[in-house]
Amino acid sequence: MPSPSPSITERIDSTTRIPQSHRTAAPPAPRSVKIEISPRCNYRCGFCALRTREVQPKWDMDFELFKRITREMRDAGVEEIGVFYLGESFMNPRLLVDCIRYLKRDIGMPYVFLTSNASMAFPEAVRACMEAGLDSLKWSVNAADEDQFKKIMGVSERLFETALGNIQSAWEERRRGGYATGLYASSIRYDGEQHDRMQRLLAQRVLPYVDQHYWLPLYSMGAFATVREKQLGFLPTAGNQGRLDALREPLPCWSAFTEGHVTAEGKLSACCFDATAHWTMGDLNTTPFMDAWNSPGFVKLRAAHLARDVRGTVCEKCIAYS
């Protein structure tokens, strides 16, 4: 089945490229928004900002809140919704499917996408997502073997084979059902021998079952994950500069201008790695989306980014600016 057009990398690059229309402290609605269906994750990845949470949340997003805010987003001009943010959305597959179905059938969202670690993406759940109209499903594949998986992901090595099996099963489910969902994968590009090992794994177990694969740098996760990354022996890049073949300048940070990020609690964040509510710019439980998107705090923060001087802001300690 051919990959949808435009490709996933074209869509990513369009989001990480700040157009002139959005190079203002109070920009129009973002084209894309990621929403945390579930803040929970069954992995404990060494490079992930979720490790900074002292207590892992046990709640998922309220469906009525999801419906209200996404309708507001669509009315404002949002064209893409990611049904994930930091957590693993397959932790609650029923809610995930309901959210996809609502986006596609009730409010006509043009593009709905999802990133998953694949370990909980069992065939029945993936098939239900495809039937509901999911446009894009991307796998994060970041370990070359079971030993490295256990070390990096911080969980049992048995999930390594489970995830790879689910990636293959998703490809087969799409073929059997004739679904239009694009299947993709991304990997963090480490150096030297690790890169060679990843190449071998991808060639054998991933590339045959996706439409496209691309590489990402090791993000700093807003500077919170750097200690753990150094313990693991990997050095992060500055901030979130997009994918490796189309890196963006750290300032102004695109994630504050072209993509919204909403936690399971309904908080709008200025940062794509905000696991600890440091960058909350508005509460969508009480504030309409566009009012939060251009709240006084968010406008002030964007002005600092545009001036390329984030001293004294919540972004000051990010490794991108140190």
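Quick caveat: nothing in here was measured; it's all calculated off a predicted structure.

**Notes on the packing of helix α2 (residues 63–76) against helix α3 (residues 93–106)**
- Between α2 and α3, whose axes approach to 11 Å, the crossing angle comes to 30°. With respect to α3, the axis of α2 lies roughly parallel. As for how α2 packs across α3, the hand of that crossing is right-handed. Taking contact as the criterion, the partners of F63, F66, K67, T70 and R71 in α2 are, on α3, L95, D98, C99, Y102, L103 and D106.

**Brief notes about the confidence of the model for the protein chain**
- Put simply, the protein chain has an average pLDDT of 88, and 86% of its residues get 70 or more.
- Contacts of residues 220–229 to residues separated by more than four positions or lying in other chains number 37 contacts, the stretch itself having pLDDT below 50.

**A look at the environment of E36**
- Mapping E36 onto the fold places it in the loop between β1 (32–35) and α2.
- For the pair E36 and F84, spaced 48 residues apart in the sequence, the C-alpha separation amounts to 4.5 Å.
- Polar side-chain contacts of E36 include one of 3.2 Å to the backbone nitrogen of A264.

**Focus on the sheet that holds strand β9 (residues 280–283)**
- Read across the sheet, 9 strands follow the order β6-β5-β4-β3-β2-β1-β7-β8-β9 without closing on themselves; strand pairing throughout is mixed. At either end of the open sheet lies a strand with only one pairing partner, and these are β6 (212–216) and β9. Going across the sheet, the axis of each strand differs from the next one's by a mean of 25°, ignoring polarity.
- Bridge count between strand β8 (residues 267–269) and β9: 3 bridges; the pairing is antiparallel. Each residue of the ladder has a partner; that of L268, found in β9, is G282.

**Section: the packing of helix α4 (residues 123–132) against helix α6 (residues 158–177)**
- The contact between α4 and α6 brings their axes to 9 Å, and the two run at 45°. One finds that α4 runs oblique with respect to α6. Handedness of the crossing formed by α4 with α6: right-handed. On α6, the residues that touch P123, V126, R127 and M130 of α4 are N166, S169, A170, E173 and R174.
- The residue makeup of the contact of α4 with α6, split by class, is 4 nonpolar, 2 polar and 3 charged.

**Some words on the pairing of strand β3 (residues 111–116)**
- The element β3 is extensively covered by neighbouring structure, given that 6 of its 6 residues are classed as buried.
- By the alternation rule, side chains of β3 split into Y111, F113 and T115 and V112, L114 and S116, which are all buried.
- Here strand β2 (residues 80–82) runs beside β3; their pairing, made up of 3 bridges, is parallel. By the bridge assignment, G82 is partnered in β3 with F113.
- Taken together, β2, α3 and β3 form a β-α-β motif whose crossover is right-handed.
- Bridge analysis of β3 against strand β4 (residues 136–140) gives 4 bridges, and the strand direction is parallel.

So, how was this worked out
Residues numbered from 1 in each chain as written. Predicted model: local features only at pLDDT ≥ 70, side-chain atom pairs only at ≥ 80, totals over all residues. Heavy atoms only, no water. Axes fitted to C-alpha atoms, helices over the stretch in contact; angles between N-to-C directions. Helix = DSSP H or I, 4+ residues; strand = E, 2+ residues; numbered from the N terminus. Parallel < 35°, antiparallel > 145°, perpendicular 65-115°, else oblique. Left-handed = near helix turned anticlockwise from the far one by under 90°. Contact = heavy atoms within 4.5 Å. pLDDT = per-residue confidence, 0-100. Polar contact = N/O pair within 3.5 Å; in protein donor to acceptor, adjacent residues only side chain to side chain. Pairing = 2+ DSSP bridges. Nonpolar A, V, L, I, M, F, W, Y, C, P; charged D, E, K, R; others polar. Buried < 20%, exposed > 50% of the residue type's maximum accessible area, 1.4 Å probe, protein only. Right-handed = clockwise from strand over helix to strand, strands pointing away.

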